[in-house]
Amino acid sequence: MVKLFVNVDHIATVREARQGKKPSPFEAAKLALLAGADGITMHLREDRRHVQDHDLREFAARGEAPLNFELAAVDEILDLCCELRPPLATLVPERREEVTTEGGLDLVGHSDRIQAATQRLQAAGIAVSLFIDPTPQSVEKSHDLGADIVELHTGSYTDAPDEESRAKRLAAICEAAALTVQAKLVLNAGHGLDTTSVGKVAALPQLADLNIGHAIVSRALMVGMAEAVREMRQAIDAAQG
């Protein structure tokens, strides 16, 4: 069964609008887990625009469920990740001016930094995932850099302007997924997926985890966190037959 990791970053986004204590990403995470999520994802950005260090410390200390710690290969954040030792860390690209993550890692231009971060995290007992564009070259390079896991970026697929483009982009994801499995890397996917687009990605053979946040949090504003997670869980399960 594909595991659902719920990203609670945008719960923190709402909190930081007032720089207060509510809503709590930790409380949202507990509701998500009760409703069927298998784990929680948090992205600690350099500019701390949403999740804060204490959010990760609180969740890690409670040990409620697996944590996927998303981070750029930056020393101060690597320090915290190695201190907390979550089961999984996902290295992602990060630009201050972007609204959200816009693409996969530049595995060629930043290969030395990514490889060093990967080795450091693995030495701390943390499995390392690289967030990559769904291309054969990115899968091959991820293997060469020593990753344990790749997370295929599905944003281009979900943002496709028409059905023809969407079909081509899904085909690219399917090809990259097959190559990931052949390379004996664990296969994850995420970014931009909602209940209408998740099905064909959830049906990928040997897919392990899906990381989904914005769609769930957006839906939660209307129906509550638990119901939003249940809806997503049902959409994923339906795709797997």
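Computed from a predicted model, the values in this text were never measured in an experiment. (Residues numbered from 1 in each chain as written. Predicted model: local features only at pLDDT ≥ 70, side-chain atom pairs only at ≥ 80, totals over all residues. Heavy atoms only, no water.)

### As for the packing of helix 2 (residues 25-34) against helix 11 (residues 225-239)
So, step 1. Two numbers describe how helix 2 lies on helix 11: the axes approach to 8 Å, and their chain directions differ by 45°. It follows from the interaxial angle that helix 2 and helix 11 lie oblique. Here helix 2 runs over helix 11; the crossing is right-handed. When helix 2 is examined against helix 11, the residues Ala28, Leu31 and Ala32 are found in contact with a partner set consisting of Met225, Ala226 and Val229.
So, step 2. When the residues that make up the contact of helix 2 with helix 11 are grouped by side-chain class, the tally is six nonpolar, no polar and no charged. (Axes fitted to C-alpha atoms, helices over the stretch in contact; angles between N-to-C directions. Helix = DSSP H or I, 4+ residues; strand = E, 2+ residues; numbered from the N terminus. Parallel < 35°, antiparallel > 145°, perpendicular 65-115°, else oblique. Left-handed = near helix turned anticlockwise from the far one by under 90°. Contact = heavy atoms within 4.5 Å. Nonpolar A, V, L, I, M, F, W, Y, C, P; charged D, E, K, R; others polar.)

### Here's the deal with the sheet that holds strand 2 (residues 39-43)
So, step 1. Read once around its circumference, the closed barrel built from eight strands follows the order 1-2-3-4-5-6-7-8, with strand pairing classed as parallel. Averaged over all pairs of adjacent strands, the angle between strand axes in this sheet comes to 25°, irrespective of strand direction.
So, step 2. Note: strand 4 (residues 88-91) against strand 5 (residues 127-132), four bridges, orientation parallel. Bridging across to strand 5, Ala89 finds its partner in Val128.
So, step 3. Along the sheet, helix 8 (residues 163-182) makes contact with strand 6 (149-153) and strand 7 (186-190), crossing strand 6 at roughly 180°. (Pairing = 2+ DSSP bridges.)

### With respect to the pairing of strand 5
So, step 1. Counted residue by residue, strand 5 has five buried out of six residues, so it is predominantly covered.
So, step 2. Pairing geometry for strand 5 and strand 6, over four bridges, is parallel. Paired with Ser129 across the strands is Ile149, a residue of strand 6. (Buried < 20%, exposed > 50% of the residue type's maximum accessible area, 1.4 Å probe, protein only.)

### Quick look at a nonpolar patch on the surface
So, step 1. A surface patch of nonpolar side chains, about 340 Å² in accessible area, is lined by Leu221, Met222 and Val223.
So, step 2. The topology assignment puts Val223 in helix 10 (residues 214-223).
So, step 3. Under the relative-accessibility criterion, Val223 is labelled partly exposed at 33%. (Patch = residues over 30% accessible without salt bridge, like charges linked within 9 Å, V, L, I, M, F, W, Y side chains within 5 Å. Areas by Shrake-Rupley, 256 points an atom, 1.4 Å probe, with all protein chains shown as cover. Salt bridge = Lys/Arg side-chain N within 4 Å of Asp/Glu carboxyl O.)

### Observations concerning helix 5 (residues 111-123)
One turn of the α-helix equals 3.6 residues, which is why residues spaced by three or four share an orientation.
So, step 1. Between its first and last C-alpha atoms helix 5 spans 18 Å; for 13 residues at 1.5 Å apiece the expected length is 18 Å, and the two agree.
So, step 2. Ser111, Ile114, Ala117, Thr118 and Leu121 are the residues of helix 5 that are buried. Burial along helix 5 is one-sided: seen end-on, the buried residues are contained in an arc of 135°. Every exposed residue of helix 5 that faces more than 90 degrees away from the buried side is listed here: Asp112, Arg113 and Ala123.
So, step 3. Lining the buried residues of helix 5 we find helix 4 (75-84), strand 4, strand 5 and helix 6 (136-144).
So, step 4. Gly125 occupies a position one or two residues after helix 5 and carries a positive phi of about 85°. (Expected span 1.5 Å × (residues − 1). Arc of directions from axis to C-beta.)

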